[in-house]
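# An overview of the molecular structure
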Amino acid sequence: MKLKIIDEILEAPETKTLILEPIDLSQISFNSGQFYIFIFTINGKQYKRCYSISCSEKDAQLRRISITIKKVQGGIVSAYVTDNSMINKEIEADGPAGAFTGDTLLSKPVLLVAAGSGITPIYSIIKTWAESDDAEKQRVSLVYFNKSSTETIFYDALQEIDRGEDKFNLEFAFTRPEKGGSPKQTLSKDTLERHLRILGSCHVATCGPASFMENVVSLCGSLGIDSAEIFQESFAPYHDQYEESISGSRKIAVNFSCTEGIFYLDVGKTLLEAAEIAGARVNSVCGVGACAECKVKIISGQVEMNHQGGLTPRDENQGYILACCSKPLSDVIIETLVV
């Protein structure tokens, strides 16, 4: 689907929302919390990136979607978007995808815990929920961490929802608050417990940096929350140049069809990590097993794979796996699909 950017909004420093609509008569449909894979052309080169939808499902009825992009250090696409006017530019999109959705989370009350730009899928879920006419809709709490109020994405919009919704409880948490503002606050067991007492039996959903989400999951575990009730949304950082070196004791032999020789991989590493170092051509976008861009075929050997809907049962029966979330358990031979 080809989209045109019809407007842009500066949400916070170096953070911009793009409002897009189809160039042709294509219809838009998504579940709140999902993402699209976008193709940006910059200086004649194409870059694929996953961005969560940051608008409500009702916007789809207007044939529009929004994505919110924060500039990251070394990010080619995010820097291009935030440093330049994007109005009237065209990009391609494929999707939607992702299982981190309002339909899943709101089957019972939910505690949402976000940090930084991790708010984008969560905001889509909250906005869709707030616009619902369902009188029996579930109670929702949001704890949202940022350095300060000036760096908080959707700061005013979230407060507006809070004022209009009796079943919504909002808490901003600032790690470096402005002078004279709210006291400094970091993620803690007490913070989560305070909201859990209000919600009772509930889901917990989190989005933000990997270390942040790990802390949320750990704290929830210490509070006795079953892991089946905890949901995470994350995208592996995109490496324009992969620099990590592989080291360790026990090795597994990996043979890619598109490279010569055998590559030895540390136990616990993914096939995508091996491919990037070995020079095997394997596409990658989301990094969490949702988009299927890194699909390869296993010819021999065994892997452990945990994906988020990127493969169909038919794919798996035919021997296809996703390199980003597959870790070899034995020596393997892999057929790559990129030529």
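Structure: see above.
First things first, this report covers the structure right here in the doc. Every value quoted in this text rests on a predicted model; they were computed, and no experiment measured them. (Residues numbered from 1 in each chain as written. Predicted model: local features only at pLDDT ≥ 70, side-chain atom pairs only at ≥ 80, totals over all residues. Heavy atoms only, no water.)

### Regarding the sheet that holds strand S4 (residues 45-52)
Judged by pairing direction, the sheet is antiparallel, and its six strands sit side by side in the order S4-S3-S6-S1-S2-S5 without closing on themselves. Each end of this open sheet is capped by a strand with a single partner; those strands are S4 and strand S5 (65-70). Taken pair by pair, the neighbouring strands of this sheet meet at an average axis angle of 35°, ignoring direction. Relative to strand S6 (residues 90-97), strand S1 (residues 2-12) runs antiparallel, the two being bridged by three bridges. Residue pairing for S6: Lys4 is matched across the bridge by Glu90. Across the sheet, helix H2 (residues 76-83) touches strand S2 (15-22), strand S3 (35-42), S4 and S5, and the angle it forms with S3 is around 75°. (Pairing = 2+ DSSP bridges. Helix = DSSP H or I, 4+ residues; strand = E, 2+ residues; numbered from the N terminus. Axes fitted to C-alpha atoms, helices over the stretch in contact; angles between N-to-C directions. Contact = heavy atoms within 4.5 Å.)

### Observations concerning a positive patch on the surface
Residues Lys70, Lys147, Arg176 and Lys184 make up a contiguous surface patch of positive charge. On the basis of relative accessible area, Arg176 is assigned to the exposed category, the value being 59%. (Patch = residues over 30% accessible without salt bridge, like charges linked within 9 Å, V, L, I, M, F, W, Y side chains within 5 Å. Areas by Shrake-Rupley, 256 points an atom, 1.4 Å probe, with all protein chains shown as cover. Salt bridge = Lys/Arg side-chain N within 4 Å of Asp/Glu carboxyl O. Lys, Arg positive; Asp, Glu negative; His and termini not counted. Charge placed at Lys NZ, Arg CZ, Asp CG, Glu CD. Buried < 20%, exposed > 50% of the residue type's maximum accessible area, 1.4 Å probe, protein only.)

### As for helix H4 (residues 119-130)
Since the α-helix packs 3.6 residues into each turn, any two residues three or four apart lie on the same face. Look at H4: 16 Å from first C-alpha to last across 12 residues, which is about the 16 Å you get at 1.5 Å a residue. With 10 of 12 residues buried, H4 is to be regarded as a mostly interior element. Within H4 the residues assigned to the buried category are Ile119, Thr120, Pro121, Ile122, Tyr123, Ser124, Ile125, Ile126, Thr128 and Trp129. (Expected span 1.5 Å × (residues − 1).)

### So, the sheet that holds strand S8 (residues 140-146)
A sheet is described by the order of its strands in space; here five strands give the open sequence S9-S8-S7-S10-S11, paired in parallel fashion. Strands with a single pairing partner mark the edges of an open sheet, and in this sheet they are strand S9 (168-174) and strand S11 (230-233). When strand polarity is set aside, the average angle formed by the axes of neighbouring strands in this sheet is 15°. Summarising the sheet, S8 and S9 pair through seven bridges and their orientation is parallel. By the bridge assignment for S9, Asn146 is matched with Phe174. Relative to strand S7 (residues 110-115), H4 is tilted by about 145°, and along the sheet it contacts S7, S8, S9, strand S10 (203-207) and S11.

### Some remarks on the nonpolar core
Ranked by size, the top nonpolar core spans 25 residues in total, and within it Leu112, Ile119, Ile122, Leu142 and Leu158 carry the most contacts. Within the residue set of this core, elements represented by two or more residues are S7, H4, S8, helix H5 (155-164), S9 and S10. In terms of residues, this core owes the most to one element, H4, which gives six residues. Sequence-distant contacts of Ile122, that is, excluding residues within four places in its chain, are made with Phe100, Leu112, Val113, Ala114, Leu142, Ala205 and Cys207. (Core = buried A, V, L, I, M, F, W, Y, C linked by side-chain atoms within 4.5 Å.)

### A word on the pairing of S3
Summarising burial for S3: seven of the eight residues are buried, a large majority. Pairing of S3 with S4 involves eight bridges; the strand directions are antiparallel. Pairing of Phe38 across the sheet is with Arg49, part of S4. What sits between the antiparallel neighbours S3 and S4 is a turn of two residues, in which Asn43 has the positive phi angle 50°.

### Some thoughts on the environment of Val267
Tracing the sequence through the fold places Val267 in the loop between strand S13 (263-266) and helix H8 (271-278). The class of Val267 is partly exposed, set by a relative accessible area of 42%. Here the alpha-carbon distance between Val267 and Gly279, two residues 12 residues apart in the chain, equals 19 Å.

### Observations concerning the pairing of S11
Relative to S11, S10 runs parallel, the two being bridged by four bridges. Across the sheet, the residue bridging to Ala205 is Phe231, located in S11.

### A word on the packing of aromatic side chains
The full count for this structure, using the stated rule, is 10 aromatic pairs. For the ring pair Trp129 and Phe168, a centre distance of 5.9 Å and an interplane angle of 50° mean the geometry is tilted. You can see Trp129 sitting in helix H4 and its partner Phe168 sitting in strand S9, a full 39 residues away along the chain. Using a relative accessible area of 5% as the deciding quantity, one classes Trp129 as buried. (Phe/Tyr/Trp six-rings, centres within 6.5 Å; stacked < 30°, edge-to-face > 60°.)

### Topic: the side chain of Asp315
Within the secondary structure layout, Asp315 lies in helix H9 (residues 313-317). Residue Asp315 is classed as buried on the basis of its relative accessible area of 15%. Every residue in contact with Asp315, bar those within four places of it in the chain, is listed here: Lys295 and Tyr320.

### Here's the deal with H8
For H8, the full list of buried residues reads Leu271, Leu272, Glu273, Ala274 and Ala275. Among the residues trailing H8, Gly279 stands out with phi positive, at a value near 85°.

### Some points on unusual backbone geometry
The omega angle of the peptide bond from Gly95 to Pro96 is 5°, so this bond is cis rather than trans. Summarising the element assignment, Pro96 is placed in strand S6. Despite not being glycine, Arg63 shows a phi value in the positive range, around 60°. Along the chain, Arg63 turns up in the loop between helix H1 (58-61) and S5. Positive phi outside glycine occurs at Phe154, with the angle close to 60°. Turning to its location among the elements, Phe154 is positioned in the loop between S8 and H5.

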